[in-house]
Structures are given as C-alpha cells and as structure tokens.
Amino acid sequence: MDERQLENLAVSLKTPSFVFDTDILKARAAHVAEKVKPAKLCFAIKANPFLLQAMDTEVERYEVCSPGEFHICVKNGVKMEKIVLSGVNKEYEDVRYAMEQGVQHFTAESQQQFYLVNRCAEELDKQVQILLRVTSGNQFGMSEADVTELIQRRAEYSHLTIRGLQYFTGTQKKQIKKIVGEVAYIEDFIQKLEEKEGFVSQELEFGPGLGVPYFTKDDFEEDEKLLDAFTEIFKEERPYEVIFEMGRFLTASCGYYLTKIMDQKINDAVNVCIVDGGINHVNYYGQNMAMKTPILSYFPQHELEEKETEWTVYGSLCTVSDILLKKLVLKDARVGDYLVFHNIGAYSVTEGIYLFLSRKMPAIYLYSEEKGAELVRDQLETWILNMER
Ligand SMILES: Cc1ncc(COP(=O)(O)O)c(C=O)c1O
C-alpha cells in the first residue's frame, strides 16, 4: 500500500494496532515459492499465526510447535496433512490428539519424543511420518549418535516411517556463507547415513533462517540477493524432497504497527515523545535500546510549521528501556500525530512482552486492496490476567 493509504488507516483504525497487508504477503510468498522450486515452503507459524489463511495457497506445510499453535490450525480449518507437529517439548495428550485429528507428519527432537510418537501411532494404529531433528549444539534436536541409533533400529517401529532429517540453527542470518556451511553439514550427514546405515532420506526439512532488512542503514537490495544466493545452493535438484521452513523472510514485509503520539515534554534538554505503543509490541531482531532506526512513516494531523525537532520516542511502559526511537527528526510533531513502523509482520505479534503493566494488547487488522482493513482481533485487556481469579 502507498503512504496515503497507510495514513488513512492510521487515522481511521485503533492504535496501537498491527496491520498485515495480505496482498504484500501473498506476492512475497508466491515470489519466494517460485524462486525455490522444486523445493517447497513450510510456514513456521510462530512468526505470525494471523497469516495462516492468507498464506495457504503458497505453502505446502505448516510447522506447528505447541498445543496452542495446533489449536489455532484446527480453528482455522488447516488441512491436517499440511501440518508437521514439531516443538522441543511434546506431551502425550497433545501428540495423541494431533494424531487423532489426522496429523501425519511429526518431528522428533529426542529419542523420547520418537518413542512417544511411536506409542501414539501404535495405540491409534496409524502409520505416520517422522523427521529426526539434528541439533546444532543447543537444546533443540538430537546428536548424530542418537539419530544414527534410531535409524539403525528403524525396523522395530512399524508404525513410523522415518522420512529424513530436519535442521534449523537460528534466525535473521545475513551471511550466505553460514547457510552454505549448514547445508553442507546436513547433506553430508544424510550421505553418511546412506553409506553406513543404508538409510535413504526421502526428505530434508531445512530452516535457512534468512534475514530481512529492518533498519534505515540496512541494504534493502540485500534481501533479494540473499534469496538468489540461497536458491543457488539448491540449484541442483536433490534425490530427496526439500522443504524450507521459513517465518521471518516470508512475513516481515507485510506488517505495519500503528501508534499515536500521546504526550510530549522536555526532560533534561531531551525532547520526549510518548506514544501509545512500545517495545512490548515491537520486536525487531537486532534492536536494542533504539540503537538503530527502523523504517517508519510519520503522519502529522495538523498544518505543519517549518520547525524540525529531534525526538526520543518512548512507549507507555514503566521501564527506561521502553525506547522506540532515538534522535528522530520530525517536522512539527504534536500530540495526536501518528508513527507507523514498517516491516513488522514477523514475530512482533507473538514475541511481545504483552502482560507488562497490564496494558492492552494491540488490535489486529488484515488489509487487502479488495477488502480494505478487517478487524480480526480487537484490542485485548490484559489486566484480567494479572490478578487472582
Ligand atoms: C524449527 C524452526 N524452523 C523455522 C523457524 C523459522 O525461522 P525464521 O523465522 O528465521 O525463518 C524457526 C524459528 O524459530 C524454528 O524454530
């Protein structure tokens, strides 16, 4: 959408709020899906579960990492065969429930999880597919030794088909070299398993953690270059199906965060601007105490005087770390004007520290050229969660 449409939304919708532009999202996901072919896309829904439906035509699979995320999929009518049930902590009731609902793909992040999925499959007499997640040295996934042992004993588990490996090491990667190294490592392991254990992988589910530009000093062309360099790694078709698990790279660019200037003052010679949002809602990876300036729009709601002022913009929390912007030069900014943060479609909606100070959670709108802005979640009071019931 253009700046005029964005201003109209800021003025007409509630603040603070998120607006996710599903036209931008669909175009972005279609572009990435086309580029990575014949590999397919898996949407890591933790990045933004409000985009599940808009994303549906472009992605083959949804990575679901908690019982809560699974309920969101059920409520949204997601096809169970599109789900891969993942997550570092899986409980019996949740795995069994998902399997009863028709989920066919699971990951195992430990040998115990493998046995758990097997137990549920046996109890329900279902045949399910499992991916073994390989660790990158943290709490996620299993060691090569554990993976190898399960593969050696695979014939004992007649209800499970081990489809292959899952590998994800972290997010917001800007260096293609790191990703090249990860691909080389995991594909080398796949080959070792074939040579030594006679195990032929049918699938690799790989999360590249591709980074996106967030701040004014970032190179915005880098984004496409990174995608080009990444697709180059997978230029040659593999003998197994390749699925890329992605969140941030697909969703960041479709999101806007609308906030309004509520107060202004000069404290110790610093021009202070208070907005009705804050760091409780805004989560740009790599941002700390407003050391960097994200891309934003300023929408004054009055005749402008020719005076520019440098502002420090704070949110509404009771903490000195609630700084959104430092040294931001605005022309004649006043109470009632709007600031709109761009590229906020990934993780801000799920990773915010929403309960602090019992402030309201932002409203959420989905926007498209055809339908305009649709309220999909109203502002939510949180005080009720911060008291005895
Ligand atoms: C297992 C797994 N896959 C994929 C992702 C998505 O990562 P990104 O948003 O960087 O694409 C995550 C994010 O935490 C993850 O944990």
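A. The sheet that holds strand β3 (residues 61-64), seen in detail. On the basis of which strands lie adjacent, the closed barrel formed by 8 strands has the order β2-β3-β4-β5-β6-β7-β8-β9 and parallel pairing. Taking the axes of each pair of neighbouring strands and ignoring which way they run, one obtains an average angle of 30 degrees across the sheet. Sheet topology places strand β4 (residues 83-85) next to strand β5 (residues 105-108); 2 bridges connect them, and they run parallel. Across the sheet, the residue bridging to Leu85 is Phe106, located in β5. Its contacts with the sheet put helix α5 (residues 92-101) on β4, β5 and β6 (128-133), and the angle it makes with β5 is roughly 155 degrees.

B. Inspection of the packing of helix α7 (residues 144-152) against helix α8 (residues 176-197) at higher detail. Remark: α7 packs on α8, axes separated minimally by 11 Å, with the N-to-C direction vectors making an angle of 35 degrees. α7 and α8 meet at a crossing whose hand is right-handed. For the pair α7 and α8, the contacting residues are Glu144, Val147, Thr148, Ile151 and Gln152 in the first and Tyr185, Phe189, Lys192, Leu193 and Glu197 in the second. Residues that form the contact of α7 with α8 fall into these classes: 5 nonpolar, 2 polar and 3 charged.

C. Spatial organisation of the pattern of salt bridges. A full pass over the atoms with the stated rule returns 29 salt bridges. Between Arg119 and Glu123 there is a salt bridge, and its shortest N-O distance comes to 3.0 Å. Of this pair, Arg119 and Glu123 both sit in helix α6 (residues 111-124), separated by 4 residues, roughly a single helical turn. Among the residues examined, Arg119 registers a relative accessible area of 41% and is labelled partly exposed. Taking the shortest distance from any N to any O, the salt bridge between Lys178 and Glu182 comes out at 3.3 Å. Of the two residues, Lys178 and Glu182 are both situated in helix α8; the distance of 4 residues between them amounts to about one turn of the helix. Take Lys178: its relative accessible area is 46%, and that puts it in the partly exposed class.

D. Quick peek at the site of the ligand. Around the ligand lies a shell formed by Ala44, Lys46, Glu63, Arg133, Phe168, Thr171, Gly209, Glu245, Met246, Gly247, Arg248 and Tyr347. Within the side chain of Glu245, an N or O atom sits 2.4 Å from a nitrogen atom of the ligand. Within the contact set of the ligand, an oxygen atom lies 2.5 Å away from a side-chain nitrogen or oxygen of Tyr347. When the ligand sits alone it has 400 Å² of accessible area, and the protein chains cover 90% of it. In the shell around the ligand, the residues fall into 4 nonpolar, 3 polar and 5 charged.

So, how was this worked out
Residues numbered from 1 in each chain as written. Predicted model: local features only at pLDDT ≥ 70, side-chain atom pairs only at ≥ 80, totals over all residues. Heavy atoms only, no water. Pairing = 2+ DSSP bridges. Helix = DSSP H or I, 4+ residues; strand = E, 2+ residues; numbered from the N terminus. Axes fitted to C-alpha atoms, helices over the stretch in contact; angles between N-to-C directions. Contact = heavy atoms within 4.5 Å. Left-handed = near helix turned anticlockwise from the far one by under 90°. Nonpolar A, V, L, I, M, F, W, Y, C, P; charged D, E, K, R; others polar. Salt bridge = Lys/Arg side-chain N within 4 Å of Asp/Glu carboxyl O. Buried < 20%, exposed > 50% of the residue type's maximum accessible area, 1.4 Å probe, protein only. Near = heavy atom within 4 Å. Polar contact = N/O pair within 3.5 Å; in protein donor to acceptor, adjacent residues only side chain to side chain. Areas by Shrake-Rupley, 256 points an atom, 1.4 Å probe, with all protein chains shown as cover.

Honestly, that's just the spatial picture; any functional story needs more than this.
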